[in-house]
Amino acid sequence: MNMSFYNAAVGAYQQQLRMNVQANNIANVNTQGFRCQRAAFGELMIRDVEGIDNSRLPKGTGARMIHAPVDYTTRGFIDTGKTFDFAINGDGFFALFDPATQEISFTRDGSFTMSQFWIPPAEDAVPEVDEEGNEIPPEPTEVWRLSDNQGRCVLDPQGNFIVIDPENRGAELELGVFDYAIHYGMQHLDSSRMAATDMNGQLYLGTGQVQRGLLEQSNTDLAQEFIKVIESQRAFSYALKMVTTSDEIETTFNSLRG
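Please read all numbers here as calculations on a predicted model, not as lab measurements.

K.L.:
Give a description of the nonpolar core that names residues and reports values.
P.N.:
Grouped together as the largest cluster of nonpolar side chains are 14 residues, with contacts concentrated most on Phe84, Phe86, Phe112, Leu146, Val154, Leu173 and Leu175. Of all the secondary structure elements, the ones that give two or more residues to this core are strand E6 (86-89) and strand E7 (94-98). Excluding residues that lie within four positions of it along the chain, Leu146 makes contacts with Phe84, Phe86, Phe112, Thr113, Arg152, Cys153, Val154, Ile162, Ile164, Leu173 and Leu175.

Okay, here's the thing in structure tokens:
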């Protein structure tokens, strides 16, 4: 009797986790370059283990959401005509470098912008001297870089920052396209950014072609996500009914003992 109760309780909780994945997909249906996730389940009851007095006890109970792998399929592009909008036709990601945290992340969202950065003077910079003989301390240098408008810089194929001439914004830019042989295991960060893990292997230059003036759409299929939401809602309600029924039967047994 306890087994049915715990099976149902675990099932209800796992359906909540599945709903979290679906809610995140739906929330990013209009996020450029977003890659949706698919919840995958597996059985918890694999084999029996030896308990007290050589009793056989089940290992695990019910099912759980093992992981939520990312779907890397592409659903198409939209033509924006903007100077700093880019899309990758093929495999690969844009690389973003965060100067504050030294973090490198990857994205398919190419809605970039021209951002201002101040480069501090070198430690061995020689100060200038004015007409009165007073030293003028070195000042930071202003540069304009291609960024995601959140302080992260876009990298070129050599891993360098992409510097933009404010007087010639339409000049050709060489954006780096990077890829991994194994996409499984990449960690989802905020919106459409992703971070690599050890299981992804070696980083290399991707084969995708950069196209200017386009943006990649989210690959979330809203109709399919709503169908999965309905499935999760019904599974959750059935699991709760099973919990209630198991509790009522247990209560009846306990009353009969008295």
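There's plenty left to go through after this.
K.L.:
So what's going on with the layout of surface pockets? Which residues, and what values?
P.N.:
Gaps between atoms show up when a probe of the same size as a water molecule is rolled over them. Size it by volume and the largest pocket reaches roughly 160 Å³. Surrounding the largest pocket, Leu96, Thr107, Asp109, Ser111, Phe112, Asp148, Gln150, Arg152, Asp190, Ser191, Ser192 and Arg193 form its lining. When its residues are assigned to classes, the lining of the largest pocket shows two nonpolar, five polar and five charged.

K.L.:
Residues and numbers for the confidence of the model for the protein chain, please.
P.N.:
Close inspection of predicted coordinates is inappropriate in any region flagged by low pLDDT. When pLDDT is averaged along the protein chain, the result is 86; 90% of the residues meet or exceed 70. The spread of mean pLDDT over the elements of the protein chain runs between strand E3 (residues 56-58), the lowest at 59, and strand E13 (residues 153-154), the highest at 96.

K.L.:
How would you sum up the packing of aromatic side chains? Please name residues and give values.
P.N.:
Counted according to the given criterion, the structure contains six aromatic pairs. Seen in terms of ring centroids, Phe94 and Phe112 are 5.3 Å apart; in terms of plane orientation they differ by 80°. Their pairing is edge-to-face. Linking Phe94 in strand E7 with Phe112 in the loop between strand E8 (103-107) and strand E9 (113-119), this pair joins segments that are 18 residues apart in sequence. Summarising the burial analysis for this pair, Phe94 and Phe112 share the class buried. With a centroid separation of 5.7 Å and an interplanar angle of 85°, the aromatic rings of Phe106 and Tyr180 are classed as edge-to-face. One end of the pair, Phe106, is in strand E8; the other, Tyr180, is in strand E14 (residues 178-180), and 74 residues separate them in sequence. The burial state of Phe106 is the same as that of Tyr180; both residues are buried. Seen from the ring of Phe117, Arg145 lies directly overhead, with NZ or CZ sitting 5.0 Å from the centre.

K.L.:
Kindly report on the side chain of Arg18, identifying the contributing residues and their values.
P.N.:
Along the polypeptide, Arg18 turns up in helix H1 (residues 2-27). Residue classification places Arg18 among the buried positions, given a relative accessible area of 15%. Sequence-distant contacts of Arg18, that is, excluding residues within four places in its chain, are made with Ala39, Phe41, Met65, Lys228, Glu231 and Ser232.

K.L.:
Describe unusual backbone geometry, naming the residues involved and giving the relevant values.
P.N.:
With a phi close to 65°, Gln102 is a non-glycine residue in the positive phi region. Summarising the element assignment, Gln102 is placed in the loop between E7 and E8. Its identity is not glycine, yet Asn149 carries a phi of approximately 70°, on the positive side. Inspection of the secondary structure puts Asn149 in the loop between strand E12 (141-147) and E13.

K.L.:
Please provide a residue-by-residue account of the pattern of salt bridges, values included.
P.N.:
Should their charged atoms come close, side chains of opposite charge can pair. This structure, assessed with the given rule, holds eight salt bridges. The partner of Arg193 in a salt bridge is Asp190, with the nearest N and O atoms 2.8 Å apart. For Arg193, a relative accessible area of 8% translates into the label buried. Residue Asp190 is classed as partly exposed on the basis of its relative accessible area of 39%. Put simply, Arg35, Arg108 and Glu216 are held in one network by salt bridges that share partners.

K.L.:
Tell me what's going on with the environment of Phe5, and back it up with residues and numbers.
P.N.:
Residue placement: Phe5 occurs in helix H1. Among the residues examined, Phe5 registers a relative accessible area of 29% and is labelled partly exposed. Remark: the alpha-carbon pair of Phe5 and Ala95, spanning 90 residues in sequence, is separated by 48 Å. Setting aside its immediate chain neighbours within four residues, Phe5 contacts Val243 and Ser246.

Calculation rules
Numbering of residues starts from 1 in every chain and runs along the sequence as written. Per-residue local features of the predicted model are confined to residues with pLDDT of at least 70, and side-chain atom pairs are confined, for both listing and counting, to 80 or more; whole-chain, interface and lining totals are unaffected and use all residues. The side-chain figures draw on all heavy atoms in the structure; neither hydrogens nor water molecules are used. The term nonpolar core refers to a set of buried residues drawn from Ala, Val, Leu, Ile, Met, Phe, Trp, Tyr and Cys, joined through side-chain atoms within 4.5 Å. Throughout, exposure labels follow a simple rule: accessible area from a 1.4 Å probe, protein chains only, divided by the maximum for the residue type, with under 20% read as buried, over 50% as exposed, and the rest as partly exposed. Secondary structure elements are taken from DSSP: a helix is a run of H or I of four residues or more, a strand is a run of E of two residues or more, and numbering for both begins at the N terminus. Contact criterion: two residues are considered in contact whenever any of their non-hydrogen atoms come within 4.5 Å of each other. For cavity detection a 1 Å grid was placed over the protein atoms alone, and a set of points counts as a cavity when a 1.4 Å probe fits there but cannot get out; an open set counts as a pocket when protein lies on both sides within 12 Å along at least five of seven lines, with lining residues being those that have an atom within 4 Å of a point. Grid points are joined across faces, edges and corners, and a volume is the space filled by probe spheres set on the points. Polarity classes work like this: nonpolar for Ala, Val, Leu, Ile, Met, Phe, Trp, Tyr, Cys and Pro, charged for Asp, Glu, Lys and Arg, and polar for all others, with Gly in that last group. The predictor attaches a confidence to each residue, and that confidence, scored 0 to 100, is pLDDT. Stacked, tilted and edge-to-face pairs are distinguished by plane angle, under 30 degrees for stacked and over 60 for edge-to-face with tilted covering the rest, among Phe, Tyr and Trp rings (Trp via its six-membered ring) whose centres lie within 6.5 Å. Counted as over-ring charges are cases with an Arg CZ or a Lys NZ within 6 Å of the ring centre that also lie within 35 degrees of the ring normal. Should a side-chain nitrogen of Lys or Arg be within 4 Å of a carboxyl oxygen of Asp or Glu, the pair is scored as a salt bridge.

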